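Structure assessment
Chain by chain, the residues:
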Amino acid sequence: MRYILLFLTLLSTGASLTAQVTGARLQASGLTCAMCARSVYKNLETLPFVDSVDTDLEQSAFVLRFKKGSTIDPDLIRKRVEEAGFSVASLHLRAMLDGRALKPDGHLTLSGRHYHILPQKEVLPGGEASLLVVDKSFLPSREMKRYAGLSTATCFLTGQSGGKCCDDQGIPAHQRIYHLSL
Amino acid sequence: MQTATPSRPPGQALRAGRQRLRLWLASACFLLALSTRAQELYVFSEPASNMPAKAVALKATGKFVNSIMSGRTDHRQKLYASVGLDRKWMLRAGTTVSNMYSSPESRWESASVYAKYRFLSRDGVHRHFRAAAFLEASLSRNEPMFDEISLEGDQSGVQAGLVLTQLVHKLALSSTIGYTEVLQAKRWDKTHAAMHPYRSLSFSLSAGYLLLPVRYRSYRQTNLNLYVEMLGARNTDRPQGYLDIAPALQLIFNSNTKVNAGYRLALGGDMYRMAQRSVLLSVETTFLNVLRRKKA
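1. Notes on the overall build of chain A
- Looking only at helices and strands, one finds five helices and eight strands in chain A.
- Counting from the amino terminus, helix and strand elements in chain A follow one another as α-β-α-β-β-α-β-β-β-β-α-α-β.
- Here chain A, with 182 residues, has 40% of them falling under the buried criterion.
- Contacts spanning at least 24 positions in sequence make up 67% of the contacts within chain A whose residues lie at least 6 apart.

2. Here we look at the overall build of chain B
- Regarding its fold elements, chain B presents one helix and 12 strands.
- For chain B, the α and β elements follow one another from N to C terminus as α-β-β-β-β-β-β-β-β-β-β-β-β.
- Within chain B, the fraction of its 296 residues that count as buried is 38%.
- Counting only contacts in chain B whose residues sit at least 6 apart along the sequence, the fraction spanning at least 24 positions is 60%.

3. Regarding the confidence of the model for chain A
- Confidence in the prediction for chain A averages 80 pLDDT; 79% of positions are at 70 or higher.
- Below a pLDDT of 50 lies the segment residues 5-17 of chain A, which in the model reaches 20 contacts outside its immediate sequence neighbourhood of four places, other chains included.

4. Observations concerning the pairing of strand S1 (residues 56-66) of chain B
All names here are of chain B.
- Of the strand pairs in this sheet, S1 and strand S12 (residues 277-287) are connected by 10 bridges, and their pairing is antiparallel. Bridging across to S12, Phe64 finds its partner in Val279.
- As paired elements, S1 and strand S2 (residues 73-84) share 11 bridges and run antiparallel to each other. Along S2, the bridge assignment pairs Lys63 with Arg76.
- Between S1 and S2, which pair antiparallel and follow one another directly, the connecting turn spans six residues, one of which, Gly71, has a positive phi of 75°.

5. Here's the deal with the interface of chain A and chain B
- Counting residues at the interface gives 23 residues for chain A, matched by 32 residues for chain B.
- At the level of elements, helix H2 (34-45), helix H3 (74-83) and strand S4 (87-96) of chain A are the ones that each hand at least two residues to the side of chain A that touches chain B.
- Top contributing element to the side of chain A that touches chain B by residue count: H2(A), with six residues.
- Along the lines of polarity and charge, the residues of the side of chain A that touches chain B split into 10 nonpolar, eight polar and five charged.

6. Digging into the environment of B:Tyr263
All names here are of chain B.
- As for its placement among the helices and strands, Tyr263 is situated in strand S11 (residues 257-269).
- Here Tyr263 falls in the partly exposed class, since 13 other C-beta atoms lie within 10 Å of it.
- Separated by 91 residues in sequence, Tyr263 and Ala172 have C-alpha atoms that sit 20 Å apart.
- Apart from the residues within four sequence positions on either side, Tyr263 is in contact with Ala246, Pro247 and Val279.

7. Some points on H2(A)
Residue and element names in this part refer to chain A.
- In this model, H2 (12 residues) spans 16 Å end to end at C-alpha, consistent with the 16 Å of a helix rising 1.5 Å per residue.
- Counting buried positions along H2 yields 11 of 12 residues, so the element is predominantly enclosed.
- Three or more residues of H2 are buried, namely Ala34, Met35, Cys36, Ala37, Arg38, Ser39, Val40, Tyr41, Lys42, Asn43 and Leu44.

8. Some details on the environment of A:Ala28
Residues and elements named next belong to chain A.
- Its location among the elements puts Ala28 in strand S1 (residues 17-29).
- Take Ala28: there are 26 C-beta atoms within 10 Å of it, and that puts it in the buried class.
- Ala28 sits 59 residues away from Ser87 along the chain, and the two C-alpha atoms are 5.6 Å apart.
- Contacts of Ala28, omitting those with residues within four sequence positions, involve Val40, Ser60, Val81, Phe86, Ser87, Val88 and Ala89.

9. Side note on the nonpolar core
- Ranked by size, the top nonpolar core spans 63 residues in total, and within it A:Leu26, A:Ala28, A:Val40, A:Leu91 and A:Leu93 carry the most contacts.
- Tallying contributions element by element places H2(A) first for this core, with seven residues.
- B:Ala53, B:Ala55, B:Ala57 and B:Met90 belong to the second largest nonpolar core, which has six residues in total.

10. Examining H3(A)
- Considered for burial, the residues of H3(A) that qualify are A:Pro74, A:Ile77, A:Arg80, A:Val81, A:Glu82 and A:Glu83.
- Immediately beyond the C-terminal end of H3(A), within one or two residues, lies A:Gly85, with a positive phi of roughly 105°.

Scoring rules and cut-offs
Residues numbered from 1 in each chain as written. Chains lettered and ligands numbered in written order. Predicted model: local features only at pLDDT ≥ 70, side-chain atom pairs only at ≥ 80, totals over all residues. Helix = DSSP H or I, 4+ residues; strand = E, 2+ residues; numbered from the N terminus. Buried ≥ 20, exposed ≤ 12 C-beta atoms within 10 Å, placed from the backbone. Contact = placed C-beta atoms within 7 Å. pLDDT = per-residue confidence, 0-100. Pairing = 2+ DSSP bridges. Nonpolar A, V, L, I, M, F, W, Y, C, P; charged D, E, K, R; others polar. Expected span 1.5 Å × (residues − 1). Core = buried A, V, L, I, M, F, W, Y, C linked by C-beta atoms within 7 Å.

Here's what the structure looks like:
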């Protein structure tokens with residue numbers, strides 16, 4: 001009975017849900033020309049987990065499709081944009097949440113990386129979801145400050161688990177934690 | 001209307017009038033550039049933004065002048081290779097061949113290296129502000145003959161400077177300030193030392209305007225950009241200077257090859273220069289991800 005209760009508790013906090021990121025929509029900032037957009041496009045294509053990239057040149061946006069079963073690393077995506085000479089203005093991950101509802105302030109593991117959902121009023125139903133990465137350097141700094149007010153957790157600023165951050169969710173210390181807004 | 005004062009010869013008044021007209025034209029071109037879509041792939045100057053990391057670019061340039069020394073059209077060919085080391089550092093090495101100091105025969109004349117470090121980048125969705133520092137060193141076999149200090153093949157020396165580029169919506173403005181020291185052997189030769197200037201402050205203000213395409217649909221669309229740049233310098237060891245305006249057209253093919261055509265015209269100045277105007281033609285191709293390992 002004790003184990004059943006523990007299982008239900010874990011389920012209710014949404015802890016360590018495992019799901020897949022199937023793709024992403026990335027908007028780059030600072031782009032002013034097709035030549036610049038092409039360098040971002042070509043850099044994104046070199047990522048080992050990227051299957052294909054589509055471009056919306058008018059919006060400076062890139063739609064990425066990921067290889068099934070790969071580890072998806074948002075930091076690598078950001079690095080490739082920065083290497084082209086630009087910044088990430090927004091990164092929306094498209095995730096399949098296996099039909100389970102996602103609770104705010106909960107955690108989940110998506111394609112091999114840990115994510116913390118910021119405490120917000122909405123509850124996301126299961127199924128396909130578009131989740132905005134709100135960590136440092138994934139948004140213009142002014143935008144990021146808006147989200148910083150939603151969480152008192154220090155991992156939002158450090159991007160790392162440890163201390164009092166996320167340790168109650170079974171995530172070991174010094175792990176990269178990304179933060180998501182629903 | 002004749003506005004010359006009795007103490008001013010008519011020729012001088014005419015020249016002053018032409019200079020005023022050129023300044024008005026320059027201002028008009030600048031206002032045109034400010035009011036339209038921004039581009040910062042300048043033809044006569046470098047923006048603070050760097051080339052993509054792990055990319056290599058090759059550039060061939062031809063410069064043509066009506067030389068006051070030889071009395072004919074002299075030319076200089078330049079070849080540059082640039083490398084984006086990472087998102088902050090780029091390096092460029094170049095060499096030049098010209099007949100500007102050996103007319104009519106062309107000969108190899110100089111080699112140079114240039115490094116740029118982007119130390120500030122504030123990006124927003126429709127804006128960015130970037131700042132970079134650069135250092136250039138050039139070795140030239142030419143003997144100094146003019147008052148204009150330039151490391152593009154004319155003199156041996158070093159230059160250090162700052163570039164600031166601001167893009168807000170449709171406005172891209174870039175400004176460069178550089179300090180150049182000529183390190184020519186004659187500088188330390190007592191009989192020649194006083195004949196030429198050896199230090200100069202240079203500055204530029206550049207604006208770019210995207211003419212075509214009206215809507216971006218594909219990387220294969222040819223881009224047509226118009227630039228207007230103001231280029232100036234002032235020697236610091238003797239009171240001389242110049243101010244040029246340099247309009248340029250740029251075509252970009254396949255989002256990787258730029259073809260530039262520029263015309264540089266003196267608006268004013270009191271320097272003894274090789275020419276008051278010049279034509280610049282260049283082609284540059286960028287090879288992305290050349291220095292990156294292939295994906296697994």
